[in-house]
Amino acid sequence: MKEFDLVIIGSGIVGSSLAYYSAKKEKKVLIIEKNFAGYNSSGTAQGGLSPYLGDDKKIRDLHVESFNLHKELKSNILEESNINPHYTEKKLFHIISNKNEISTLENAISYYEDPSKFEFLDEEEIRKFEPKLKSARFGALVSDDYMEVDSFNLTNALKEASINFGAEFFINNFSSKNMILRDSKFVGINIEGEIINSNKIAFTSGPWTKLILKDHIDVDVKPLKGQIIKAKTNEEFENSFYWQGDYATKKIDDYLWIGTTEEDVGFLEGRTDEAKNKIINSFKKIFSGFSDLDIKEHTACFRPYNERNEPILRESTEIEGIYVGTGAGRNGIKLGPGMGKRLSNMIF
Ligand SMILES: Cc1cc2nc3c(=O)[nH]c(=O)nc-3n(C[C@H](O)[C@H](O)[C@H](O)COP(=O)(O)OP(=O)(O)OC[C@H]3O[C@@H](n4cnc5c(N)ncnc54)[C@H](O)[C@@H]3O)c2cc1C
């Protein structure tokens, strides 16, 4: 009978990171994935690793920890997996939308160990970097501590590296009925009659985690749909821009990625013209001179969103041996390695 130290359900960025950090500790890991590693948001995200600009210390610590892990992955993961996640260093311009935001941002950066990585620039100064900017009345907060990554490749690199360290990968639409429980303890899984022993299982199944576990534990996560437009343009666009929840950046595929939406529509799939128009109109309000903009792709996927907007990393109090890692919302690519490593440390 097969035996594993840990079964992981879902190979998005969080599950793949959990597999990677656990397999590196020589733990025997089985990853079960319904579709493929990087299906949905972990393979479709913009992949911006933006600094945290809120005031919650717990969340800031996770951001800092996870960004440091990305820096390690930038130097190791290609060799460990043979997949290039294309980490790219850039400047991130956070356009300030009103006067009150300035003090909020000043406060947020004052908590960083090295606030010199941030700089406030006025409209004139921003135009030296991006002449096509239409207006930024209140200026921008510019960060040098920013990278972008190919989120599909990174998720797959983490998964492949974990396999190289001994993990196994299996495609299956896992249901809680596949769990074997004894005296409120998880003791294994039964898949198509095959029993696999394990006393630990982690659900890193994105927004689907709530549905899978609904008969056992309550997980406060729901889908928050987001859409992105990818367009061809011959115009240069070297930096990354963020304004009022939207963003634009030219990625490694040479497309200008413009986003996004936050749609509370459950698991209603599909791209919409309404979202496309909203995204393009928002971009054209901020930038001029992209007359050759040619839309090549339009994507839609579901972020795992938690009402308190904070990641969930916990062991179940109801059933021993069940762990949950989800709810990273808009920051899952940035936080994925940190969440996977913390969950691995919680489990082993
Ligand atoms: C438009 C958009 C842009 C984004 N941009 C950024 C960004 O720039 N930076 C950033 O940090 N974050 C970004 N995000 C957020 C980020 O993509 C997500 O937070 C992150 O990918 C979530 O990862 P996850 O591993 O928790 O879940 P998921 O990626 O959802 O992975 C869950 C996995 O579980 C599998 N699964 C589900 N049910 C089952 C089952 N029954 N059995 C087996 N497997 C199952 C799924 O197939 C999937 O592979 C963006 C998201 C969107 C939508």
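Residues numbered from 1 in each chain as written. Predicted model: local features only at pLDDT ≥ 70, side-chain atom pairs only at ≥ 80, totals over all residues.

**Q** Tell me what's going on with the overall build of the protein chain, and back it up with residues and numbers.
**A** Counting its regular elements, the protein chain contains nine helices and 18 strands. In terms of C-alpha radius of gyration, the protein chain reaches 21 Å, essentially the compact-globule figure of 20 Å for 348 residues. With the principal axes as the frame, the protein chain shows a C-alpha extent of 65 × 45 × 40 Å. Pairs at least 24 apart in sequence give 75% of the contacts found in the protein chain among residues at least 6 apart. (Helix = DSSP H or I, 4+ residues; strand = E, 2+ residues; numbered from the N terminus. Rg over C-alpha atoms; globule rule 2.2 N^0.38 Å. Contact = placed C-beta atoms within 7 Å.)

**Q** Describe the site of the ligand, and please don't skip the residues or the numbers.
**A** The full set close to the ligand counts 41 residues, and G10, G12, G206, G226 and G332 are the nearest of them. When contributions to the shell around the ligand are tallied by element, the ones reaching two or more residues are helix 1 (13-24), strand 3 (29-33), helix 2 (41-44), strand 12 (222-232), strand 16 (294-305) and helix 9 (332-347). Grouping the amino acids of the shell around the ligand by side-chain chemistry returns 14 nonpolar, 22 polar and five charged. (Near = placed C-beta within 6 Å. Nonpolar A, V, L, I, M, F, W, Y, C, P; charged D, E, K, R; others polar.)

**Q** Talk me through the sheet that holds strand 9 (residues 185-191); I want residue IDs and the actual numbers.
**A** Adjacent strands of a sheet form backbone hydrogen bonds with each other and so pair up, either parallel or antiparallel. Strand order in the open sheet formed by four strands is 1-10-9-8, and the pairing between neighbours is mixed. Here the strands that pair on one side only, and so sit at the sheet edges, are strand 1 (2-3) and strand 8 (179-182). Looking at chain direction, strand 8 and strand 9 are connected through four bridges and run antiparallel. Among the inter-strand pairings, R182 is bridged to a residue of strand 9, identified as K185. (Pairing = 2+ DSSP bridges.)

**Q** Please provide a residue-by-residue account of the pairing of strand 18 (residues 322-326), values included.
**A** Taken across its five residues, strand 18 has five buried, putting it largely inside the fold. Taking every second residue as pointing to the same face, both faces of strand 18 are buried, with I322, V324 and T326 on one and Y323 and G325 on the other. In the sheet, strand 11 (residues 201-203) pairs with strand 18 via three bridges, with the strands oriented parallel. Counted as the bridge partner of I201 is I322 from strand 18. Inspection of the sheet shows strand 17 (residues 312-315) paired to strand 18 by four bridges, in the antiparallel sense. Each residue of the ladder has a partner; that of R314, found in strand 18, is V324. The hairpin formed by strand 17 and strand 18 contains six residues between the paired strands, and G321 there has a positive phi angle of roughly 95°. (Buried ≥ 20, exposed ≤ 12 C-beta atoms within 10 Å, placed from the backbone.)

**Q** Describe in detail the nonpolar core, supporting the description with residues and values.
**A** Across soluble globular proteins, nonpolar side chains have a tendency to be buried as a group. Ranked by size, the top nonpolar core spans 81 residues in total, and within it V7, I8, V29, A202 and I258 carry the most contacts. The element that contributes the greatest number of residues to this core is helix 1, accounting for seven residues. Those residues within four positions of I258 in sequence are excluded, and the remaining contacts are I228, I229, A231, A248, I279 and F283. (Core = buried A, V, L, I, M, F, W, Y, C linked by C-beta atoms within 7 Å.)

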